[in-house]
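# Secondary and tertiary structure notes
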Amino acid sequence: MAAYTLTGKEVLGVEFGSTRIKLVLTDEHCRPVASGGFTWENRLENGVWTYHTEEIWAGLRAAYNDLCASLGTRIKTLSAIGFSAMMHGYLAFDKDGKMLVPFRTWRNTITGEAAAALTELFGFNIPQRWSIAHLYQAMLNGEPHVKDIAFLTTLAGYVHWQLTGEKVLGIGDASGMFPIDSTVNQYDEAMLDKFESLEPAKAVPWRLRELLPRVLLAGEAAGVLTERGAGLLDETGTLQPGIPLCPPEGDAGTGMTATNAVTVRTGNVSAGTSIFAMVVLEQALRKVYEEIDMVTTPTGKPVAMVHCNNCCTDLDYWVKLMAELAGRAGSTLTVPQLYDLLYNAALEGDADCGGVVNINYFSGEPVSHTADGRPLLVRTQGSRFTLPNFFRAQIYSTMATLKLGMKILEAEGVKIDQLTGHGGLFKTPVVGQRLMAGALNAPVSVMQTAGEGGAWGAAVLAAYRAYGNGESLERYLETVFADYESTTLAPEPADVEGFEQYMARYEKALKAEIAAYENI
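Keep in mind the model is a prediction, meaning the values are calculated, not measured.

With that settled, consider the packing of aromatic side chains. Using the criterion set out here, one finds 27 aromatic pairs in the structure. With a centroid separation of 6.0 Å and an interplanar angle of 35 degrees, the aromatic rings of Tyr502 and Tyr506 are classed as tilted. In this pair, Tyr502 and Tyr506 are both assigned in helix α17 (residues 493-519), 4 residues apart and thus about one turn of the helix distant. Take Tyr502 and Tyr506: they sit in the same class, and that class is buried. When the ring centre of Trp49 is taken as reference, the NZ or CZ atom of Arg107 above it lies at 4.7 Å. Here the guanidinium or amino end of Lys167 rests over the ring plane of Phe151, the centre of that ring lying 4.9 Å away.

The next thing to look at is the sheet that holds strand β2 (residues 20-26). Taken in spatial order, the 5 strands make up an open sheet running β3-β2-β1-β6-β13, and their pairing is mixed. The sheet is open, and its two edges are formed by β3 (32-39) and β13 (249-250), each paired on a single side. Judged from the 6 bridges that link them, strand β1 (residues 11-16) and strand β6 (residues 80-85) form a sheet pairing that is parallel. Directly across from Leu12, in β6, lies its bridge partner Ile81.

We now examine the nonpolar core. Grouped together as the largest cluster of nonpolar side chains are 69 residues, with contacts concentrated most on Ile132, Leu135, Met139, Phe178, Phe195 and Trp456. By residue number, the principal contributor to this core is helix α15 (residues 453-467), which donates 8 residues. The residues contacting Phe195, other than those within four sequence positions of it, are Leu118, Leu121, Phe122, Ile132, Leu135, Tyr136, Met139, Ala201 and Leu208. Ranked by size, the runner-up nonpolar core spans 57 residues in total, among them Ile275, Leu342, Leu404 and Met503.

A few words on unusual backbone geometry. Phi is positive for Asn46, close to 55 degrees, though the residue is something other than glycine. Its place among the elements puts Asn46 in the loop between β4 (43-45) and β5 (48-50). In this structure, Val430 takes a positive phi of about 75 degrees despite not being glycine. If you trace the backbone, Val430 turns up in the loop between β20 (418-422) and α14 (431-440).

A separate point is the environment of Ala351. Within the secondary structure layout, Ala351 lies in the loop between α12 (335-346) and β18 (357-359). What Ala351 contacts, discounting residues up to four positions off in sequence, is Arg392, Tyr396, Ala494, Gly498 and Phe499.

Okay, the packing of helix α13 (residues 387-411) against α17 next. Here α13 crosses α17 at 80 degrees, and the two axes come no closer than 10 Å. With respect to their mutual orientation, α13 and α17 come out roughly perpendicular. Residue-level contacts link Arg392, Ala393, Tyr396, Ser397, Met399, Ala400, Thr401, Lys403, Leu404 and Lys407 of α13 to Asp495, Gly498, Phe499, Glu500, Tyr502, Met503, Tyr506 and Glu507 of α17. Partitioned by chemical class, the residues of the contact of α13 with α17 number 9 nonpolar, 3 polar and 6 charged.

Before going further, it helps to spend a moment on a nonpolar patch on the surface. On the surface, Leu333, Leu341 and Leu387 cluster together to form a nonpolar patch covering roughly 240 Å² of accessible area. Residue placement: Leu387 occurs in helix α13. The exposure class assigned to Leu387 is partly exposed, which follows from its relative accessible area of 40%.

Here we take up the state of the cysteines. Tallying each qualifying case throughout the model produces 0 disulfides. Cys308 takes part in no disulfide bond, and the closest cysteine sulfur to it belongs to Cys311, at a distance of 8.5 Å. For Cys308, a relative accessible area of 0% puts it in the buried group. With no disulfide partner, Cys311 has as its closest neighbouring cysteine sulfur the one in Cys312, 3.7 Å distant.

The element strand β17 (residues 302-308) is extensively covered by neighbouring structure, given that 6 of its 7 residues are classed as buried. Pairing between strand β15 (residues 275-280) and β17: 6 bridges, direction antiparallel. By the bridge assignment for β17, Ile275 is matched with Cys308. From the end of strand β16 (residues 293-296) to the start of β17, which pair antiparallel, there are 5 residues, and Gly300 there has a positive phi angle of about 100 degrees.

For any two helices packed against each other, the geometry is given by the interaxial angle and the distance between the axes. Interaxial distance between α15 and helix α16 (residues 473-481) falls to 11 Å at its minimum, and their mutual angle equals 115 degrees. When you trace α15 past α16, the crossing you get is right-handed. Seen from α15, the contacting residues are Trp456, Val460, Leu461, Ala463, Tyr464 and Tyr467; seen from α16, they are Leu473, Tyr476, Leu477, Val480 and Phe481. Split by residue class, the contact of α15 with α16 holds 11 nonpolar, no polar and no charged.

Analysis parameters
- Residues numbered from 1 in each chain as written.
- Predicted model: local features only at pLDDT ≥ 70, side-chain atom pairs only at ≥ 80, totals over all residues.
- Heavy atoms only, no water.
- Phe/Tyr/Trp six-rings, centres within 6.5 Å; stacked < 30°, edge-to-face > 60°.
- Helix = DSSP H or I, 4+ residues; strand = E, 2+ residues; numbered from the N terminus.
- Buried < 20%, exposed > 50% of the residue type's maximum accessible area, 1.4 Å probe, protein only.
- Lys NZ or Arg CZ within 6 Å of the ring centre and 35° of its normal.
- Pairing = 2+ DSSP bridges.
- Core = buried A, V, L, I, M, F, W, Y, C linked by side-chain atoms within 4.5 Å.
- Contact = heavy atoms within 4.5 Å.
- Axes fitted to C-alpha atoms, helices over the stretch in contact; angles between N-to-C directions.
- Parallel < 35°, antiparallel > 145°, perpendicular 65-115°, else oblique.
- Nonpolar A, V, L, I, M, F, W, Y, C, P; charged D, E, K, R; others polar.
- Patch = residues over 30% accessible without salt bridge, like charges linked within 9 Å, V, L, I, M, F, W, Y side chains within 5 Å.
- Areas by Shrake-Rupley, 256 points an atom, 1.4 Å probe, with all protein chains shown as cover.
- Salt bridge = Lys/Arg side-chain N within 4 Å of Asp/Glu carboxyl O.
- Disulfide = S-S within 2.5 Å.
- Left-handed = near helix turned anticlockwise from the far one by under 90°.

Function-wise, these values are silent; they only describe arrangement.
Given below as structure tokens:
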């Protein structure tokens, strides 16, 4: 980027993604001026997907230092900061602020009993990822730490709390902890009462209302950076305390913001380590579906969410393997060039991948009713096993489980005027966008900001906190996006038909996937 002179009017957006902690600095008009990042990876320890607490802070500081290095200077002050992170999961603390058990991420599928019981109790789908499912499962398991819980939050809520001292959460992130009543934009009181009437809930010394973060809407005051918080972010002491923060949001909320998909009949697809589609609803769904989450926009509008745990991880491993081969062969191809080469090769493949089927499951997928994951590549003796077909199958596998959930919304008559894609799957121009349009049989738009992702969305929410001047988020985003171009691709009939043929094989192959994780 060209040299940029800091004015103090800038805003900072931070997102803790599944594989990368990313920071985006923008000017007061939400135009990116610098970015920084740090790569990290979740761990499977004792059967639980987790990140170590020290990695959270070391990674944040490293990403912040990377941002300052790209600027060529240290930041002294900002107009606002916004934090976002992976939604759901389980971070439980005692009255002294001590984390009681290692962070349990959204990726875990260890709460089936609790999720099913709460779904029946509430008459509202509670996915295994949700914080309340993790809490209730810990209660059912008789875990000794449960009696000592004084605060329960998400990753974004935890980081925000440490930097501001405020135990708050944006409503979108809160809606992945416990159901929200969108008529009052607070946790659903009737469901809170039902939970507290359960026998395990009567046996603990706390009440659920006491544990959950306070719910805030986009634009509301969420505290300021404390002196301790400034030190956690910038160990050099250059960054000054007192900077306002916007409510911490989940990656779904920042994804909606980053794609201008916060009004009814708009939607977005976020595709990275996980993949999820969000559609802002005109009216409630007719029934409860375990494949569909009901969450909210950052302003509390009801949203149907199809969330799939697995997207690009398996694809990335194959690219790493091919990069190793290229390196051993003396190739000078960079990894980004290799991605572009392979993505574009996929467009040369047969529309149905020539009979090649890939299942990209590193973990279980509630949408497809699979309890665990084993990456699986399957083909018959007669399949056309070419590089284009192989990599097209890799890309198709990132979308296949999402398609299962989107079929439900289609059957419900949910209308979508605009569907926007963002995240790593869309970085190579055209390819992911075109194949997604074929998979969902709907036009897909990609904006110039697609590569910036949730960190930019967090910066936009921070800018709204600083410069929104009381106007609605929807109106504010119209101004922000007025300067950004987007491209839209309609589904090509051959891609639609080919993906349907692929899905027919994929759904049958799920039986092999189940056999794989049950036996290997």
